[in-house]
Amino acid sequence: IVMSIVPSNNDVLFGRGNISATHEGNIQFRSIVESRKREYHEAPWKEKKEIVISIIRQIQSMDPPGRFLQRDPKSEGVDIKAVLGEGR
């Protein structure tokens, strides 16, 4: 999906640099991941996927729903594409 999207404070922006590093959604995401890191490392291999999915769902269940977004490299403007669609 490629369209002009204005990122919300709950969105996670993929990429490097200051914009991604300081975006509120990325800060929240890193905090959630950090809080689950020990659980993930101690979990059996089969449970690791469920932990990852639960983190994604936690972001997507925020108000407004968090999305995983990436700047479209083919666009000269500010177009952003949704990386993870609903139901994934």
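The text that follows walks through the structure, step by step, so that each part is easy to find.

## So, helix H2 (residues 24-42)
Right, on to step 1. Here H2 is 19 residues long and its end C-alpha atoms lie 28 Å apart, about the 27 Å a rise of 1.5 Å per residue gives.
Right, on to step 2. At Arg36, H2 shows its strongest bend, of approximately 45 degrees.
Right, on to step 3. Of the surrounding secondary structure, the elements contacted by the buried residues of H2 are strand S2 (12-14), helix H1 (18-22) and helix H3 (45-60).

## Thoughts on H3
Right, on to step 1. Taking 1.5 Å of rise per residue, the 16 residues of H3 would be expected to cover 22 Å, and the 24 Å separating its terminal C-alpha atoms lies within 8% of that figure.
Right, on to step 2. Residues of H3 that are buried include every one of Lys48, Ile51, Ile55, Ile56 and Ile59, and no others. Take H3 and look down its axis: the buried residues cluster within an arc of 135 degrees, on one side only. Across from the buried face of H3, at angles greater than 90 degrees, the exposed residues are Lys46, Lys49 and Arg57.
Right, on to step 3. Tucked inside the fold, the buried residues of H3 contact S2, H2 and strand S3 (68-71).

Cut-offs used in this document
- Residues numbered from 1 in each chain as written.
- Predicted model: local features only at pLDDT ≥ 70, side-chain atom pairs only at ≥ 80, totals over all residues.
- Heavy atoms only, no water.
- Helix = DSSP H or I, 4+ residues; strand = E, 2+ residues; numbered from the N terminus.
- Expected span 1.5 Å × (residues − 1).
- Bend = angle between axes of the 7 residues up to and from the residue.
- Contact = heavy atoms within 4.5 Å.
- Buried < 20%, exposed > 50% of the residue type's maximum accessible area, 1.4 Å probe, protein only.
- Arc of directions from axis to C-beta.

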